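Survey of secondary and tertiary structure
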2 protein chains.
Amino acid sequence: MQADATSQPTTGKPRRRRARAGEGARLRQEILDAADRLLRETGSEAAVSIDAIAGAVGCTPPAIYLHFADKRSLIREVCERYFAQFADVLNDAAAQATDPLESLAARGRAYVQFGLEHPEYYRILFMHRPDEGASQHDLARVRANAAFDDQERAVQRCIDAGHFPPGTAHNIACALWASTHGMTSLLISKPGFPWPPLNEFVELMLAHGLGFIIADRTHGAG
Amino acid sequence: MQADATSQPTTGKPRRRRARAGEGARLRQEILDAADRLLRETGSEAAVSIDAIAGAVGCTPPAIYLHFADKRSLIREVCERYFAQFADVLNDAAAQATDPLESLAARGRAYVQFGLEHPEYYRILFMHRPDEGASQHDLARVRANAAFDDQERAVQRCIDAGHFPPGTAHNIACALWASTHGMTSLLISKPGFPWPPLNEFVELMLAHGLGFIIADRTHGAG
DNA sequence: TGTACATCAGTGAACGCGCGTTCACTGATGTAC
DNA sequence: TGTACATCAGTGAACGCGCGTTCACTGATGTAC
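What this report covers is the structure whose coordinates are included nearby. (Residues numbered from 1 in each chain as written. Chains lettered and ligands numbered in written order. Predicted model: local features only at pLDDT ≥ 70, side-chain atom pairs only at ≥ 80, totals over all residues. Heavy atoms only, no water.)

**Here we look at the pattern of salt bridges**
Residues and elements named next belong to chain A. Under the criterion given, the structure shown has 16 salt bridges over all chains. The residue Arg28 makes a salt bridge to Glu77 at a minimum N-O spacing of 2.5 Å. Of this pair, Arg28 sits in helix H1 (residues 25-42) while Glu77 sits in helix H4 (residues 71-96), placing them 49 residues apart in sequence. Using a relative accessible area of 24% as the deciding quantity, one classes Glu77 as partly exposed. Members of the salt-bridge network, linked through shared partners, are Glu102, Arg109 and Glu203. (Salt bridge = Lys/Arg side-chain N within 4 Å of Asp/Glu carboxyl O. Helix = DSSP H or I, 4+ residues; strand = E, 2+ residues; numbered from the N terminus. Buried < 20%, exposed > 50% of the residue type's maximum accessible area, 1.4 Å probe, protein only.)

So this is what it looks like as structure tokens:
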């Protein structure tokens, strides 16, 4: 009830210090960070409104438009940061294994795990309807292709190592993506469904995706 | 330009005849039909507003509330009708084949096809965040379980026929669902991606899902 | 067979909310002279 | 070393839109007497 006599208004959030001339770009970073934090913490894209971001940063909504053309640009930029992180995590996981097949499996495990850890991002990036507007210049799409290309190369290495029969790495990479994406997105959308225990489910999917080709080899078909 | 002098207002859509006493339930059906049509034709859930539905039916928005408690109930009911149709299509497809394994594959093909034919419904039913509100009494969930149970029984028949090794039909059914869902939802969300040709993609996924167990059998493992 | 009345099936207008966004303005900071 | 001025980094208030929903009212239809 008693209003704080200092510079702050009654809201608990302290208003941030105004940036010095030349340091305006700092707010830009803080806005991106706040949007990122809101997205992760609330787990709801709807909670990440311009007002909410401004509130979290400690500035007013119009200040955001000094640094971003519109909300979509802002969200897109946040997603791009996330996506780069996603690709790195997958590559790191893959790098742990020496065997190309095990490496590919590690990618799959990391994919599901990362998706489940950041469901709201996963929704935005992989489960939303495509933006009509940003068809060509969509950086997220370029990055998605980059991450997919990593996957495709991983498949190719399995083919080269003789784990997979020769064939189109592209199609196999698509199928594996569909498998991991199917798991991840269903677990996100239907959390109440009686799924198998996570680890078991992941390994079953990997067995389905990778296993039949292995079986083909293991049993020495002729 | 010239206003029609008859009973209609200037809008092209004729206003519907008022139902006679006792026939009020007719509007209810027309509302469901209109919402269904809008959902299929526009391919956008956002386009299916109360105003749009009222416009399509030829009544006023408040009239909708004479028959539905709120918008969510309306949409849910429309989805239930769709879902019943979905389950029927899958069962019909499965019934075409005599071999349990081929029957299961037919389910998978029909699943993807039906999802792609009604992407907006597919989004709502399988790609949306779960309603917090309707956790227990969610009929759509019950129906989803029913459709899944059909799938699980189909898997069990494959096990019984010796196509699959004994094991938990439930887990395999989950994995197959994840496969077909992964394909369907990615094709819906990323239409611009260079996917394999649809048929090829479906068969590859089915081979991944069903094939490795078949391979296990085909090659006569000991 | 006519009439008063209840009810059923709606209408018209508006509310309230949240959202993204814009407009006119401000006030501190740095700089030329 | 002081001062006028430009600029940078914001603020405060409001707009406009679309949406779901509500409220008070209406007018045709059926029915009891």
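Picking up where we left off.
**Some points on the protein's contact with DNA strand C**
Near DNA strand C, the surroundings consist of 22 residues, among which Arg18(A), Tyr65(A), Lys71(A), Arg18(B) and Thr60(B) are the closest. Here the atoms of DNA strand C within 4 Å of the protein split so that 61% fall in sugar or phosphate, with bases taking the remainder. Contacts to DNA strand C include Ile50(A), whose backbone N or O atom sits 2.9 Å from a phosphate oxygen. In the model, a phosphate oxygen of DNA strand C is placed 2.3 Å from a nitrogen or oxygen of the Thr60(B) side chain. Of the residues belonging to the surface near DNA strand C, the class tally is 10 nonpolar, 4 polar and 8 charged. (Near = heavy atom within 4 Å. Polar contact = N/O pair within 3.5 Å; in protein donor to acceptor, adjacent residues only side chain to side chain. Nonpolar A, V, L, I, M, F, W, Y, C, P; charged D, E, K, R; others polar.)

**Quick word on the interface of chain B and chain A**
Of the residues lining the interface, 49 residues belong to chain B; the matching set on chain A comes to 49 residues. Across the chain B to chain A interface the summed buried area is about 3,800 Å²; carbon plus sulfur atoms make up 64%. Applying the counting criterion to the chain B and chain A interface returns 2 salt bridges. Between Arg129(B) and Glu120(A) there is a salt bridge, with its nearest N and O atoms 2.7 Å apart. When contributions to the side of chain B that touches chain A are tallied by element, the ones reaching two or more residues are helix H6 (119-127), helix H7 (139-160), helix H8 (169-189) and helix H9 (198-218) of chain B. It is H8(B) that provides the largest number of residues to the side of chain B that touches chain A, a total of 16 residues. (Contact = heavy atoms within 4.5 Å. Buried area = accessible area lost by both parts, 1.4 Å probe.)

**Examining the nonpolar core**
Core analysis: the largest hydrophobic core is formed by 135 residues, its most contacted members being Ile53(A), Ile53(B) and Leu74(B). Those residues within four positions of Ile53(B) in sequence are excluded, and the remaining contacts are Ile31(B), Ala34(B), Ala35(B), Leu38(B), Val48(B), Ile64(B) and Leu74(B). (Core = buried A, V, L, I, M, F, W, Y, C linked by side-chain atoms within 4.5 Å.)

**A word on helix H5 (residues 100-117) of chain B**
Between the first and last C-alpha of H5(B) there are 25 Å, a value that for 18 residues agrees with the 26 Å anticipated at 1.5 Å per step. Those residues of H5(B) that sit buried are Leu101(B), Ser103(B), Leu104(B), Ala105(B), Ala106(B), Arg107(B), Gly108(B), Ala110(B), Tyr111(B), Val112(B), Phe114(B) and Gly115(B). (Expected span 1.5 Å × (residues − 1).)

Any link to function would need more than the numbers given here.
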